[in-house]
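Given next are the chains, with one letter for each unit.
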Amino acid sequence: MRAFLLALALLFPAACRPEAAPALTEWLAARYAEQQFDLGAAEDFYRRALEADPGNLMVQGHLLRIRVAAGDAEASLALARRMDASLTADGPGGGKALDKALVAMRLAMDDMRQGNWRAAAGRLETPGSKALPEAVRLLGLAWARHAAGDASGAEEALSRAEKTRGARGWAMLHRALLLQASGRMDEAGRAFERFRETGFGARGVLADAAFRAAAGDAAAARQQLRRYRLMSGQPHVEEPDGLQPLVSTPLEGVAEVLFGMADALNRRRVPVALLYARLAAMLDPGHGAAVLLAGDILADRDRFDEAVATYRSVPAGSILRPTAEAKRARAYASLDRFEDAVAVLEAEAKARPEDPFPLGELGHLLRSEERYEDAAGAYDRAIARIGEKAEARHWRLYYGRGIALERTRRWSRAEQDFLKALEFVPNQAYVLNYLGYSWVDRGERYERAEEMLAKAVGLRPRDGYIADSLGWVYFRTGRYDEAVGELERAAALEPLDPVVNEHLGDAYWKTGRRIEARFQWRRALEFDPDPERIDGLRQRLDCGLDCG
């Protein structure tokens, strides 16, 4: 319906100008391509629509968004300049707020890239720039005024940003970064102290770690890096030696503002996040976090080819490069280019001979393809690199190897790996579940398994597979009524899983509910069970659990 109404918006002016009518077909095709995140096709269709109706601001606005989303710096700048002459802040047909914001920021960025900071600051004070989110505009303005030598103007913009709703911690971070980039380390230290009280996210923790490293406090930097690893899920980040400040120049400062907006929008699943991530990377191509985020957004929309190209452009010296290479490998795997994925990870492992994580990622990838023997070999190589230095961030390697070993019937070693992982992460629900369920399925250590599975359910109450495991320990210990209750909950959470339905059928049979039991077993057969379970299910349908 929305696309239809937008088409009507084009139709009425086109009715007065028959030569513009062909733009309608191209517009509708472009809108569909844009909704599918097919940026190349959308760009082609919008360009053709604009050729058919050159003065149409709506088409220009959408084309600008596509060019920014695709990371096309040159074409987006050319179109922003063209639109600037037509877009007014308050006149009729003046364009959408997002289009005004993009034009204002794109032109301001061009001034910044040319070192014309006074002009950039002027751009961020024009009526059109008011379409930008206020915190973005004010923080960008603070950096621009600072670069132009206007210290009082920069302070005024920062103070206003700190009073903007929801932006206090973000503005305090940029105050600290601006002071650090200016070499005013004592003042920056005090600003970081105030900022730490806000508890502001993984990016802020990384900024603080880099500041402490620059200030010569390696122990505190190391502690903050540990926090960053836990918060960001990036276990490869090592020692603070060589850790660069988050921002060293005003250009990097504005890019960090744009990235901060992209990150916040992406956490709320707002598609515009991609535009801000691309703007940040246009302004500072070395901003690895912005490039990585753009790749993530594309991968989340199943645009894996574009994601591969984006991940590849994360700078080689960035601390995020290992993460980008791991994600590039996953994107290749999603494209069924498995050998390319393996090659990326093997190359990364060779380039980082002491880092276990590229080989661990290879193990995860092989395991996802059910190549358990090969996966176990990759994990062996990864864990060999750890030696005697295993710590909490390595738990996934032991957990992954444990699964691969269990699937290849090497239970004794698998059990050791699961227990090792639990030493590091005693409250990790999936490790508790895998080990607990394995014990139950093997008829071992029921009491300890039940303890672990009950804990896992408490940690992940909405996970149907963990509920199934707890129900199964009740079943195996003869508590059939309790088993029915927990397995019914599991089946409600995972209604299409064959094992969950099989287990519920078994529990129904034991409580005398024979018709319902056979119904669940039939469902299990319909949901593509593992081949080794099919004969057992058919036997159950013939004679229940009383087969000789």
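Report on the accompanying structure.

Analysis parameters
Residues numbered from 1 in each chain as written. Predicted model: local features only at pLDDT ≥ 70, side-chain atom pairs only at ≥ 80, totals over all residues. Heavy atoms only, no water. Phe/Tyr/Trp six-rings, centres within 6.5 Å; stacked < 30°, edge-to-face > 60°. Helix = DSSP H or I, 4+ residues; strand = E, 2+ residues; numbered from the N terminus. Buried < 20%, exposed > 50% of the residue type's maximum accessible area, 1.4 Å probe, protein only. Patch = residues over 30% accessible without salt bridge, like charges linked within 9 Å, V, L, I, M, F, W, Y side chains within 5 Å. Areas by Shrake-Rupley, 256 points an atom, 1.4 Å probe, with all protein chains shown as cover. Salt bridge = Lys/Arg side-chain N within 4 Å of Asp/Glu carboxyl O. Lys, Arg positive; Asp, Glu negative; His and termini not counted. Charge placed at Lys NZ, Arg CZ, Asp CG, Glu CD. Core = buried A, V, L, I, M, F, W, Y, C linked by side-chain atoms within 4.5 Å. Contact = heavy atoms within 4.5 Å. Axes fitted to C-alpha atoms, helices over the stretch in contact; angles between N-to-C directions. Parallel < 35°, antiparallel > 145°, perpendicular 65-115°, else oblique. Left-handed = near helix turned anticlockwise from the far one by under 90°. Nonpolar A, V, L, I, M, F, W, Y, C, P; charged D, E, K, R; others polar.

All right, on to the packing of aromatic side chains then. The geometry of two aromatic rings is summed up by the distance between their centres and the angle between their planes. The tally for this structure, following the rule as stated, stands at 12 aromatic pairs. Centre to centre, the rings of Trp-395 and Tyr-399 are 6.0 Å apart; their planes meet at 35°, and the pair counts as tilted. Of this pair, Trp-395 and Tyr-399 both sit in helix H22 (residues 395-407), 4 residues apart, roughly one helical turn. For the residue pair Trp-395 and Tyr-399, the accessibility class agrees, reading buried in each case. With a centroid separation of 5.3 Å and an interplanar angle of 65°, the aromatic rings of Phe-475 and Tyr-480 are classed as edge-to-face. You can call Phe-475 buried: its relative accessible area is 10%. One aromatic cluster is present, formed by Trp-395, Tyr-399, Trp-411, Phe-418 and Tyr-434 through successive ring pairs.

Right, let's talk about unusual backbone geometry for a bit. Glycine aside, a negative phi is what most residues show, and trans is what most peptide bonds show. Although it is not a glycine, Arg-409 adopts a positive phi angle of roughly 60°. Mapping Arg-409 onto the fold places it in the loop between H22 and helix H23 (411-424).

This brings us to a negative patch on the surface. Among the surface-exposed residues, Asp-336, Glu-369, Glu-370, Asp-528, Asp-530 and Glu-532 lie close enough to one another that they form a single negatively charged patch. Within the secondary structure, Glu-369 is located in the loop between helix H20 (357-368) and helix H21 (372-386). Accessibility expressed as a relative area gives 43% for Glu-369, which makes it partly exposed.

One pass over the structure, following the stated rule, counts 53 salt bridges. The shortest N-O distance in the salt bridge between Asp-99 and Arg-65 comes to 2.9 Å. In this pair, Asp-99 sits in helix H6 (residues 97-113) while Arg-65 sits in helix H4 (residues 57-69), placing the two residues 34 residues apart along the sequence. For the pair Asp-99 and Arg-65, a shared accessibility class is recorded, and that class is buried.

Below, the discussion takes up the nonpolar core. Inside soluble globular proteins, nonpolar side chains tend to come together where they are buried. Judged by nonpolar contacts, the single largest core of 173 residues is most densely connected at Leu-258 and Leu-279. By residue number, the principal contributor to this core is helix H15 (residues 273-283), which donates 10 residues. Those residues in contact with Leu-279, other than ones at most four positions away along the chain, are Val-68, Leu-102, Met-105, Arg-106, Met-109 and Leu-258.

On to the side chain of Gln-428, then. As for its placement among the helices and strands, Gln-428 is situated in the loop between H23 and helix H24 (429-442). Excluding residues within four positions of it along the chain, Gln-428 makes contact with Trp-395 and Leu-422.

Another aspect to go through is the packing of helix H5 (residues 73-84) against H6. Running from amino to carboxyl end, H5 crosses H6 at an angle of 115°, the nearest separation of the two axes being 9 Å. Considering the angle they form, H5 stands roughly perpendicular to H6. Along this stretch, H5 crosses H6, giving a crossing that reads as left-handed. Facing Ala-73, Ser-76, Leu-77, Ala-80, Arg-81, Met-83 and Asp-84 of H5, the residues of H6 in contact are Asp-99, Val-103, Arg-106, Leu-107 and Asp-110. A breakdown of the residues in the contact of H5 with H6 according to their chemical character gives 6 nonpolar, 1 polar and 5 charged.

Mapped onto the elements, Gln-36 comes out in the loop between helix H2 (23-35) and helix H3 (39-52). Exposure remark for Gln-36: the relative accessible area of 40% places this residue in the partly exposed category. For Gln-36 and Arg-337, which are 301 residues apart along the polypeptide, the C-alpha to C-alpha distance reads 22 Å.

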